[in-house]
Amino acid sequence: SCNNSLAECAATFATFATDDGGYARTGANVSAPVSFTIIVQHENHPPSFSAQRVTLLELAAPGLVVRTDGISDISRGAADEEFQDVTFFVTLLNETVDLF
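As the structure is a prediction and not an experimental result, all values here were calculated from the model. (Residues numbered from 1 in each chain as written. Predicted model: local features only at pLDDT ≥ 70, side-chain atom pairs only at ≥ 80, totals over all residues. Heavy atoms only, no water.)

Asker: Hey, could you run me through the overall build of the chain in this one?
Answerer: In terms of regular secondary structure, the chain is built from 0 helices and 4 strands. Each helix (α) and strand (β) of the chain, taken in turn from the N terminus, gives the series β-β-β-β. Within the chain, counting contacts between residues at least 6 apart in sequence, those at least 24 apart form 47% of the total. Of the roughly 9200 Å² that the chain leaves accessible, carbon and sulfur atoms contribute 55%. (Helix = DSSP H or I, 4+ residues; strand = E, 2+ residues; numbered from the N terminus. Contact = heavy atoms within 4.5 Å. Areas by Shrake-Rupley, 256 points an atom, 1.4 Å probe, with all protein chains shown as cover.)

If you want it as structure tokens, here you go:
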């Protein structure tokens with residue numbers, strides 16, 4: 001197992017094959033060993049954030065409303081994933097409320 005979430009982890013194995021022909025006629029039934037390495041790369045971690053209640057007192061005009069004060073502690077994932085873009089999607093959960 002690998003405890004370092006930011007790096008690749010590797011494990012090296014050795015294997016060989018045998019057959020059931022035995023050693024007849026000065027033969028051999030075991031192959032030479034072959035080694036191989038499995039490299040496991042880190043996983044993509046999900047983004048995270050904190051959300052607070054946001055109150056809109058008045059909509060000045062119809063259209064796009066941009067608020068920057070309701071979401072904080074935005075993380076793109078692990079430290080090596082800071083290059084990734086984070087996009088927020090908003091869904092109205094209570095469709096019985098007439099907001100507009």
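Structure shown, so let's carry the discussion forward.
Asker: Would you mind going over the side chain of N29 with me for this structure?
Answerer: Within the secondary structure, N29 is located in the loop between β1 (9-15) and β2 (34-40). Note on N29: relative accessible area 15%, which makes it buried. With residues near it in sequence (within four places) discarded, N29 still touches A17, T18, D19, G22 and Y23. (Buried < 20%, exposed > 50% of the residue type's maximum accessible area, 1.4 Å probe, protein only.)

Asker: Sorry if this is basic, but what is going on with unusual backbone geometry here?
Answerer: When glycine is set aside, most residues are seen to have a negative phi, and most peptide bonds are trans. Here the phi dihedral of D73 falls at roughly 55°; this positive angle occurs in a residue that is not glycine. Secondary-structure assignment places D73 in strand β4 (residues 71-75). On the basis of relative accessibility, which here comes to 59%, the residue D73 falls in the exposed class.

Asker: Please explain the side chain of E81 as it appears in this structure.
Answerer: By the secondary structure assignment, E81 is in the segment after β4. Despite its burial, E81 pairs with no opposite charge; the closest candidate is R76, at 9.5 Å N-O. Other than its neighbours up to four places away in sequence, E81 contacts H42, E43, N44, H45 and R76. (Lys, Arg positive; Asp, Glu negative; His and termini not counted. Salt bridge = Lys/Arg side-chain N within 4 Å of Asp/Glu carboxyl O.)

Asker: Explanation requested: the packing of aromatic side chains in the structure shown.
Answerer: What the rule picks out here adds up to 2 aromatic pairs. Measuring from ring centre to ring centre gives 5.4 Å for F13 and F36, while their planes differ by 20°; the resulting arrangement is stacked. Of this pair, F13 sits in strand β1 while F36 sits in strand β2; the two residues are 23 residues apart in sequence, bridging distant segments of the chain. Judged by relative accessible area, F36 falls into the partly exposed class, the value being 38%. On the basis of an interplanar angle of 85° and a centroid distance of 5.0 Å, the ring pair of F49 and F88 is categorised as edge-to-face. Of this pair, F49 sits in strand β3 (residues 48-51) while F88 sits in the segment after β4, placing them 39 residues apart in sequence. (Phe/Tyr/Trp six-rings, centres within 6.5 Å; stacked < 30°, edge-to-face > 60°.)

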